[in-house]
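# Chains, contacts and geometry: an overview
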Amino acid sequence: MQQRLQKLLAQAGLASRREAEKWIESGRVMLNGAVASIGMSADPAVDEIVVDGRPLPRAEQHRYLMLNKPVGYVTTMNDPEGRQTVRELVTALPERLYPVGRLDLTTEGLLLLTNDGDFAQQLAHPRHQIEKTYLVRVRGKVDYAMLRQLEVGVMLEDGMTAPARIDGVRSTGSHGWFNLTIREGRNRQVRRMCEAVGFPVSRLKRISYAFLTLGDLAEGQWRELTRDEVARLKKLAQRA
Ligand code: URA
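Structural notes, computed from the coordinates. Counting from 1, residues in each chain are numbered in the order their sequence is written. Only residues with pLDDT of 70 or above have their local features reported here, since the model is predicted, and side-chain atom pairs are shown and tallied only from 80 upward, although totals for entire chains, interfaces and linings are computed over all residues. In computing side-chain values, all of the structure's heavy atoms are included and hydrogens and water are not.

Around the ligand sit L103, D104, T107, Y134, R188, Q189, V190, R191 and L204, and that is every residue in its neighbourhood. Between the ligand and the protein, one listed contact pairs a nitrogen atom with a backbone N or O atom of V190 at 3.1 Å. Notes on the ligand: free accessible area 230 Å², of which the protein chains cover 96%. Numbering of helices and strands starts at the N terminus; helices are DSSP runs of H or I of at least 4 residues and strands are runs of E of at least 2. The leading source of residues in the shell around the ligand is helix α5 (residues 189-196), at 3 residues. When residues are grouped by polarity, Ala, Val, Leu, Ile, Met, Phe, Trp, Tyr, Cys and Pro land in nonpolar, Asp, Glu, Lys and Arg in charged, and all others, Gly among them, in polar. Class assignment of the residues belonging to the shell around the ligand gives a composition of 4 nonpolar, 2 polar and 3 charged. Here the shell around the ligand gathers at least three residues from each of two domains, domain 2 (64-126 + 212-238) and domain 3 (131-209). Residues are labelled near a given molecule or strand when at least one of their non-hydrogen atoms is within 4 Å of it. Polar contact criterion, stated in full: a pair of N or O atoms within 3.5 Å, where within protein one must be able to donate a hydrogen and the other to accept it, and residues adjacent in sequence count only if both atoms are side-chain atoms. Method for areas: the Shrake-Rupley scheme with a 1.4 Å probe, in which residue coverage is limited to the protein chains shown. An automatic or database domain assignment supplies the residue ranges for each domain.

Spelled out as C-alpha cells, the structure:
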C-alpha cells in the first residue's frame, strides 16, 4: 500500500511526521535510489527507502496461518532435543512465528501460527474460552455412561473439567470414535479426560478451532487465514 514517506518514517519509529518532513526537505531520504522530495509516496513492501544511507527497517507484516499438523512434530519453533518442529513445515515464511496454544507431539490437526505475539497470547488465554473440537479415537467400545461423564465433567489432578460436548459417536472394528468439544485448554486435557473415564486414546486430531475447520487442508500443509477470518478471531480475542 502506498503511503506518504513522512508517515512511513514515523511508523518505523524514526521521527515524528513533522520531523520526517524536514529530513525529506533536507535531502536525507532516498527513494529507489533518488533523493526523495516532499509529497512522495511509497510502498514499504516494494520500494527501497533509505535514510542517512541506511535502509528503512521493513515494518513486519502480520501473518496468520492455519497448519494441519501431522503427528511427530513438536509445537515449537526450535527444539533443543532436535525433534522435528512445526517451523519446518512453514519454511516459506521468513518471519518468526508463534503457535497459538499447543498440540502434543502425537496430536495432529488444526494449529494456528502467527507472528502477532499479542494476538497469539490473547487468543490462548483461558478467559476467552475458545471452542476446540477434537476427533478422538479410543481403544475398545465406547460406553455411553463414560461419554456422559466426559460431558458433565471429570475430576483431574488439576481440578474438575468444565462441561464438554460429545457428538459423532461411532465404532469401527476394535475402536470407538467421537468428537469432543471443550473450551478449556489444559495440558494434555483431552487425553487425560479420556483416560480418567477409562478410554485410552489411540488417535487425537483437532478438527476445529472456534469457527475455523481444517476443510480440505492436507496433512502437513498450511494456508493463510483470510482477512475476514482474522477479523473474527480478533473480535473473539478482544472479548472481555
Ligand atoms: N488435548 C490433548 O490431550 N492433547 C492435545 O494435543 C490437545 C488437547
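Moving on, we come to the packing of helix α3 (residues 117-124) against helix α6 (residues 227-238). Following both chains from N to C, one finds α3 and α6 inclined at 60 degrees, their axes separated by 8 Å at the closest point. Classed by the angle they form, the pair α3 and α6 counts as oblique. Crossing of α3 against α6: the hand is left-handed. The residues of α6 that touch α3, namely those facing F119, Q122 and L123, are L233, K234, A237 and Q238. Across the contact of α3 with α6, the residue classes tally to 4 nonpolar, 2 polar and 1 charged. For helices, the axis comes from a line fit to the C-alpha atoms of the stretch in contact; other axes are also lines fit to C-alpha atoms, and the angle between any two N-to-C directions lies between 0 and 180 degrees. Note on angle classes: values under 35 degrees are labelled roughly parallel, values over 145 roughly antiparallel, values of 65 to 115 roughly perpendicular, and the remainder oblique. By convention the crossing between two helices is left-handed if the near helix lies anticlockwise of the far one by an angle smaller than a right angle, and right-handed if it lies clockwise. The criterion used for residue contact is that any of the two residues' heavy atoms lie within 4.5 Å.

It is worth spelling out the pattern of salt bridges at this point. Here, a salt bridge means any Lys or Arg side-chain nitrogen found within 4 Å of an Asp or Glu carboxyl oxygen. This model, assessed by the stated rule, comprises 14 salt bridges. Of the charged contacts in the structure, one is a salt bridge between D104 and R102, with a shortest N-O distance of 3.8 Å. On the accessibility criterion, R102 (49% relative accessible area) is partly exposed. Between R186 and E184 there is a salt bridge, with its nearest N and O atoms 3.1 Å apart. Sharing partners across several salt bridges, the network here consists of D158, E184, R186 and R192. Only protein chains enter the calculation, and the probe is 1.4 Å; a residue is then buried if its accessible area is under 20% of its type maximum, exposed if over 50%, and partly exposed in between.

For Phe, Tyr and Trp, rings pair up if their centres lie within 6.5 Å, where Trp contributes its six-membered ring, and each pair is then called stacked (planes under 30 degrees apart), edge-to-face (over 60) or tilted (otherwise). A full pass over the atoms with the stated rule returns 2 aromatic pairs. On the basis of an interplanar angle of 80 degrees and a centroid distance of 5.0 Å, the ring pair of Y64 and F119 is categorised as edge-to-face. Of the two residues, Y64 is situated in strand β7 (residues 64-69) and F119 in helix α3; the sequence distance between them amounts to 55 residues. Each of the two residues, Y64 as well as F119, counts as buried. Either the NZ atom of lysine or the CZ atom of arginine qualifies as a charge over a ring when it sits within 6 Å of the ring centre and within 35 degrees of the ring normal. Its end group placed over the ring of F211, R232 keeps NZ or CZ at 3.8 Å from the ring centre.

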